[in-house]
Amino acid sequence: MMRDASQCNSYNYGDALYWDERYAEEGLSSFDWYQRYSALRPFLLKFVPFSSKILMVGCGNAAISEDMVKDGYVEIMNIDISSVVIEIMRRKCAHIPQLKYVLMDVRDMSFFQDGSFDCVIDKGTLDSLMCGTDAPLSAFQMLEEVSRILKPGGIYMLITYGDPSVRVPHLNKAGQRWKIALYIIPRPGYKKREGCSSPNSMMEPVPLTEKGLLPPGFVLEDPESHYIYVCKKISESFEGIPNHVQPPTMTMQ
Ligand SMILES: C[S@@+](CC[C@H](N)C(=O)[O-])C[C@H]1O[C@@H](n2cnc3c(N)ncnc32)[C@H](O)[C@@H]1O
């Protein structure tokens, strides 16, 4: 698992060759980083209707897209920089017409027109770029592209280990503005301490400060929790307000 910058540097997660070798070794098996569909389902059902046109960036060999289709999602385009995994997934999912797999670098998605998707799901892909060479530039290029290919009002759902101090600055740099709602969920298998927050509390957004940070004194129940940033694309034509006069908006209901 990628946990911090020092561990990042031991692998080149931003390098296609690293992923090609890894997926060649893994063969036909599947692996979901961080969280499986069952844990993310309440968030997807809340923000992403079944009829949405969805783009899964850096899909890898995760089962989430297949699980989403079994649940009712009708159109998921999956992209990855690894030609090995795209070939494996194409064959494996050839019988599922709702799923497409295309070899593509998330930093250059010129294959897609502006405003092509209702939702982009990113589980661990921005994190991988943050471990590669030229990380800030790669993150910027990726987020500009994500914003471009989303429709106004579309959702970029970022599932990451990165807390707001290391992710919000990148989100705020990209060309479009986001309205961000943050949710925090414990890692799979984490045992709750008795008396801790109610089972539904993780569906409550965590308020962010004006600077986009966690509130002072905020304590994570599981220190290795995962963060879900639900970023809604806002634009001049959609909100009726010129982007440059809008202050950063950090919560969304
Ligand atoms: C941490 S894995 C996550 C895989 C999958 N999303 C999941 O949840 O299990 C990161 C994935 O991003 C892909 N990736 C890395 N850099 C990429 C890039 N520039 N463009 C597209 N995919 C990339 C890797 O090949 C890998 O499959």
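Right above here is the structure, for reference.
Here's a quick rundown of the structure.

Each value, and the rule that gives it
Residues numbered from 1 in each chain as written. Predicted model: local features only at pLDDT ≥ 70, side-chain atom pairs only at ≥ 80, totals over all residues. Helix = DSSP H or I, 4+ residues; strand = E, 2+ residues; numbered from the N terminus. Buried ≥ 20, exposed ≤ 12 C-beta atoms within 10 Å, placed from the backbone. Pairing = 2+ DSSP bridges. Axes fitted to C-alpha atoms, helices over the stretch in contact; angles between N-to-C directions. Contact = placed C-beta atoms within 7 Å. Arc of directions from axis to C-beta. Near = placed C-beta within 6 Å. Nonpolar A, V, L, I, M, F, W, Y, C, P; charged D, E, K, R; others polar. Core = buried A, V, L, I, M, F, W, Y, C linked by C-beta atoms within 7 Å.

**What about the overall build of the chain?**
Link 1 in the chain: The number of helices and strands found in the chain is nine helices and seven strands.
Link 2 in the chain: Residues classed as buried in the chain amount to 37% of the 253 residues present.

**Details of the sheet that holds strand β2 (residues 75-80)**
Link 1 in the chain: Read from one edge of the open sheet, seven strands run β3-β2-β1-β4-β5-β7-β6, paired in mixed fashion. Either end of the sheet is taken by a strand with one partner, and the two such strands are β3 (99-103) and β6 (177-185). Across the sheet, the axes of successive neighbouring strands diverge by a mean angle of 20°, strand direction being ignored.
Link 2 in the chain: Sheet analysis places strand β5 (residues 150-160) next to strand β7 (residues 226-234), joined by six bridges and oriented antiparallel. Within β7, the position partnered with Leu-158 by the bridge is Tyr-229.
Link 3 in the chain: Helix-sheet contacts for helix α4 (residues 64-71) involve β1 (53-57), β2, β3 and β4 (117-123), and the interaxial angle to β2 is about 180°.

**Overview of helix α8 (residues 164-173)**
Link 1 in the chain: Listed in full, the buried residues belonging to α8 are Pro-164, Arg-167, Val-168 and Leu-171. Looking down the long axis of α8, one finds its buried residues gathered within 100° of arc, a one-sided arrangement. In α8, the exposed positions that point more than 90 degrees away from the buried face belong to Ser-165 and Lys-173.
Link 2 in the chain: Tucked into the core, α8 has its buried residues touching α7 (135-149), β5, β6 and β7.

**Topic: the site of the ligand**
Link 1 in the chain: Surveying the vicinity of the ligand reveals 22 residues, the closest of which are Gly-58, Gly-60, Ala-62, Lys-123 and Gly-124.
Link 2 in the chain: Looking at the shell around the ligand, the elements with two or more residues in it are β2 and α6 (125-130).
Link 3 in the chain: At three residues, the largest contribution of residues to the shell around the ligand is made by α6.
Link 4 in the chain: When the residues that make up the shell around the ligand are grouped by side-chain class, the tally is ten nonpolar, seven polar and five charged.

**A short note on the nonpolar core**
Link 1 in the chain: In this structure, Leu-55, Val-120, Met-157, Tyr-229 and Cys-231 are the most contacted members of the largest nonpolar core, which totals 64 residues.
Link 2 in the chain: At seven residues, β6 tops the list of elements feeding residues into this core.
Link 3 in the chain: For Met-157, the residues in contact, after removing those within four places along its chain, are Phe-47, Cys-119, Ile-121, Asp-122, Ile-228 and Val-230.

**With respect to the environment of Gly-27**
Link 1 in the chain: Relative to the helices and strands, Gly-27 is located in the loop between α2 (16-26) and α3 (37-47).
Link 2 in the chain: Between the alpha carbons of Gly-27 and Val-85 there is a distance of 8.7 Å; along the sequence they are 58 residues apart.

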